[in-house]
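# Working through the structure, step by step
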Amino acid sequence: MQPKTTKTTELEATFNELVKIWRKETGFHSNDYFIVNHPAYQQIIEMGESVLPLIFREMEMNGGHWFWALRVITGANPEPPPKKLPAGWVGLDIKAIRKAWLQWGREHGYQW
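First things first, this report covers the structure right here in the doc. All of these numbers come straight from a predicted model, not from anything done at the bench. (Residues numbered from 1 in each chain as written. Predicted model: local features only at pLDDT ≥ 70, side-chain atom pairs only at ≥ 80, totals over all residues. Heavy atoms only, no water.)

### A few points about the side chain of Arg-57
Along the chain, Arg-57 falls in helix α4 (residues 52-62). Looking at Arg-57, the relative accessible area reads 19%, which means it is buried. Engagement of the side chain of Arg-57 in a polar contact is seen with the side chain of Glu-12, the distance being 3.0 Å. (Helix = DSSP H or I, 4+ residues; strand = E, 2+ residues; numbered from the N terminus. Buried < 20%, exposed > 50% of the residue type's maximum accessible area, 1.4 Å probe, protein only. Polar contact = N/O pair within 3.5 Å; in protein donor to acceptor, adjacent residues only side chain to side chain.)

### Points about the packing of aromatic side chains
How two aromatic rings sit relative to each other is set out by the distance from centre to centre and by the angle between their planes. The final tally for this structure, using the stated rule, is 9 aromatic pairs. For the pair Trp-22 and Tyr-41, a centre-to-centre distance of 5.0 Å together with 35° between the ring planes defines the contact as tilted. Of this pair, Trp-22 sits in helix α1 (residues 6-26) while Tyr-41 sits in helix α3 (residues 39-46), and the two are 19 residues apart along the sequence. Residue classification places Tyr-41 among the buried positions, given a relative accessible area of 0%. On the basis of an interplanar angle of 65° and a centroid distance of 5.5 Å, the ring pair of Trp-101 and Trp-104 is categorised as edge-to-face. Here the residue Trp-101 and the residue Trp-104 both occupy positions in helix α6 (residues 94-107), the gap between them amounting to 3 residues, near one helical turn. Residue class for Trp-101 comes out buried when judged on its relative accessible area of 0%. Here the aromatic residues Phe-56, Trp-101, Trp-104, Tyr-110 and Trp-112 are joined through ring pairs into a cluster of three or more. (Phe/Tyr/Trp six-rings, centres within 6.5 Å; stacked < 30°, edge-to-face > 60°.)

The analysis is restricted to geometry; functional conclusions fall outside its scope.
Here it is in structure tokens:
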């Protein structure tokens, strides 16, 4: 991350508080729609590009459903194709998706 200023310190504090609320209130849910439409998650998205290094750091350290926020904020989708399973089934390789996003972030100059 860049050197901290008052503005970046406030941004980080707000982000961390929203993540705490979001994780507390969605941690027991498996419904992706509920998780990504939670008000705290939506507030994080509204913070825009300035919050990307914080999302990348959080995703690298703690995992989480950050892929939707990253797509919305960046307009990118570096995710690998779905994992093939038995006929008629498709699965997401969360580790591969996470790795692809972290690589994308580094390639685009984000530091966290």
